[in-house]
Amino acid sequence: MLCLGIESTAHTFASSVIECSSIVNPVDGNRLTNQENLHARILSDSRSVFLPSEGSGIHPRLASRHHAEVSADILRESLNDAGHCIRDIDIIAYSAGPGLGPCLRVGAVVSRTLASFYNKPLVPVNHALGHVELGIMLTHASNPLVLLLSGGHTMILAFSENRWRVFGETLDLTIGQLLDQFGRANGLSSPCGDRIEQFARKSTGSYIRLPYVVKGNDVSYSGVLSAAKRLLDTRRGNSEFFADLCYSLQETAFAMISETIERAISFFGKKEVLVVGGVAANNRLKDMLHQACLRHSSELFVLPCKFAGDNGCQIAWTGIVDYLSGHNKVDVEKSFVHQSWRIDTVDVRWRRLT
Ligand code: AMP
Ligand code: MG
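Residue positions are counted from 1 within each chain, in the order its sequence is given. The order in which chains are written sets their letters, starting at A; the order in which ligands are written sets their numbers, starting at 1. At least 70 in pLDDT is required for a residue's local features to be given in this predicted model, at least 80 for side-chain atom pairs to be given and counted, and no such filter applies to totals for whole chains, interfaces and linings, which use all residues. Computation of side-chain values: all heavy atoms of the structure, hydrogens and water removed.

Draft legend 1. A look at the site of ligand 1. Near is defined per residue: the residue qualifies when any heavy atom it owns lies within 4 Å of the molecule or strand. Near ligand 1 there are 19 residues, and of these Asp180, Gly193, Glu197, Gly278 and Asn282 occur at the shortest range. Polar contacts, as counted here, are pairs of nitrogen or oxygen atoms within 3.5 Å of one another; within protein the pair requires one atom able to donate a hydrogen and one able to accept it, and residues that are adjacent in sequence qualify only if both atoms are side-chain atoms. Between an oxygen atom of ligand 1 and a main-chain N or O atom of Gly151, the distance comes to 3.1 Å. A distance of 2.8 Å separates an oxygen atom of ligand 1 from a polar backbone atom of Gly193. Surface exposure here means Shrake-Rupley accessible area, sampled with a 1.4 Å probe, where a residue is shielded only by the protein chains that are shown. Contact with the protein chains hides 90% of the accessible area of ligand 1, taken as 500 Å² for the molecule alone. Each helix is a run of DSSP H or I of at least 4 residues and each strand a run of E of at least 2, with the numbering of both proceeding from the N terminus. Among the elements of the structure, helix H4 (175-185) and helix H5 (193-202) are those that each provide at least two residues to the shell around ligand 1.

Following this line, the structure appears as structure tokens:
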């Protein structure tokens, strides 16, 4: 089976082809389609990222225009790299939310057009679920506690009774928004997480005190951002001070996450932690989470940096497992996008863990 996955929730327009084969049951000759018997191969992974001007964030209308302009080239590239034409594709999966409305609509229109013209099944995929499922597929974690840290999410998730349940989350800004908005305040262009990590590495390691706000299993970053921006205003243009602020911001924000994940590990007694989302590319974060996991004899699973952020593979793979579980496909006329589609409202029938 070949699935074309299309991602367009925010800054990235991406398309990927994944080939999936299933094992044949030697007794009755039927194919075994539960997840552990599936074998996936990523045949292509094409992306184009909308880059706002220096100091600006993602403007939904400008980002959607970018997506519309690059969509044909990205699609063509992903099919060429996979060595297939659109007629070979068995199912088309698209990112249906959560995300920015105008951006989501570009991916949905492209997917609907292909599905209706070439008469292919159309599978709507929850973007957050895509991060989680691709993480599990690539790392082979079996029953992890999941940390989803990205531009749109800051969540601790545990699987129970058919759904990923939210054990803790941010009460206001996501960790990606914290990093991006702080970087933009100093004239960087979004996404800034990677640049902030580079600046933090140049710091002498002198910690500047910032608010630390953990409430139960939840975190709050709005006060951290206001304080960091206020401090930045006191010594603008001083690059050493900026590096120390980047270092302090990372230390504070990641320590808050580490505290909540440690509490969740002890609560669930989980032996595996998986971190996914664009912020999972950060080396200091991985260090801190690794230490937290060590203290509880738990193993940290991190997917390759390249797949941490938004991509088409997460949509193609989740589309495959969802479709094979017999649960999901929509008629083109009934296909949808939901800007605020929460992961804990999605039934995950292909996973049987507690
Ligand atoms: P996503 O929404 O999953 O594509 O993730 C995008 C977010 O990841 C943005 O907020 C980026 O600033 C952030 N990000 C990307 N690379 C890094 C990094 N090395 N360290 C911290 N955050 C990062
Ligand atoms: Mg994402």
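Draft legend 2. Spatial organisation of the sheet that holds strand E9 (residues 163-169). Note on pairing: DSSP must find at least two bridges between two strands before they are called paired. Sheet architecture is open: 5 strands sit in the order E9-E8-E7-E12-E13, paired in mixed fashion. Edge strands, defined here as strands with exactly one partner in the open sheet, are E9 and strand E13 (299-302). Across this sheet, the average inter-strand angle for adjacent strands is 25°, counted without regard to direction. Two strands pair when backbone bridges link them, and strand E7 (residues 145-149) and strand E12 (residues 272-276) are joined in this way by 4 bridges, in the parallel orientation. Residue pairing for E12: Leu147 is matched across the bridge by Val275. Axes, fitted as lines to C-alpha atoms, cover a helix only where it is in contact. Angles between the N-to-C directions of the axes lie from 0 to 180 degrees.

Draft legend 3. Geometry of helix H9 (residues 312-324). For H9, spanning 13 residues, the distance from its first C-alpha to its last is 18 Å, which sits close to the expected 18 Å at 1.5 Å a residue. Each residue's exposure class comes from its accessible area (1.4 Å probe, protein chains only) as a fraction of the maximum for that residue type: buried when under 20%, exposed when over 50%, partly exposed otherwise. Of all 13 residues that make up H9, 11 are buried, and the element is covered over most of its length. Within the sequence span of H9, burial applies to Gly312, Cys313, Gln314, Ile315, Ala316, Trp317, Thr318, Gly319, Ile320, Val321 and Asp322. For H9, the side-chain oxygen to backbone nitrogen distance between the N-cap and Cys313 is 2.9 Å, and the N-cap itself is Asn311. Backbone geometry just downstream of H9 places Gly326 in the positive-phi region, at approximately 80°. Any helix carries an expected span of 1.5 Å times its number of residues minus one.

Draft legend 4. Here's a closer look at the pairing of E7. Within E7, 5 of the 5 residues are buried, which leaves the element mostly enclosed by the surrounding structure. The two faces of E7 match: Leu145, Leu147 and Leu149 on one face and Val146 and Leu148 on the other face are all buried. For E7 and strand E8 (residues 154-160), the ladder comprises 4 bridges, and the chain directions are antiparallel. Bridged to Leu147 within E8 is Ile156. The antiparallel pairing of E7 with E8 creates a hairpin that spans 4 residues between the two strands.

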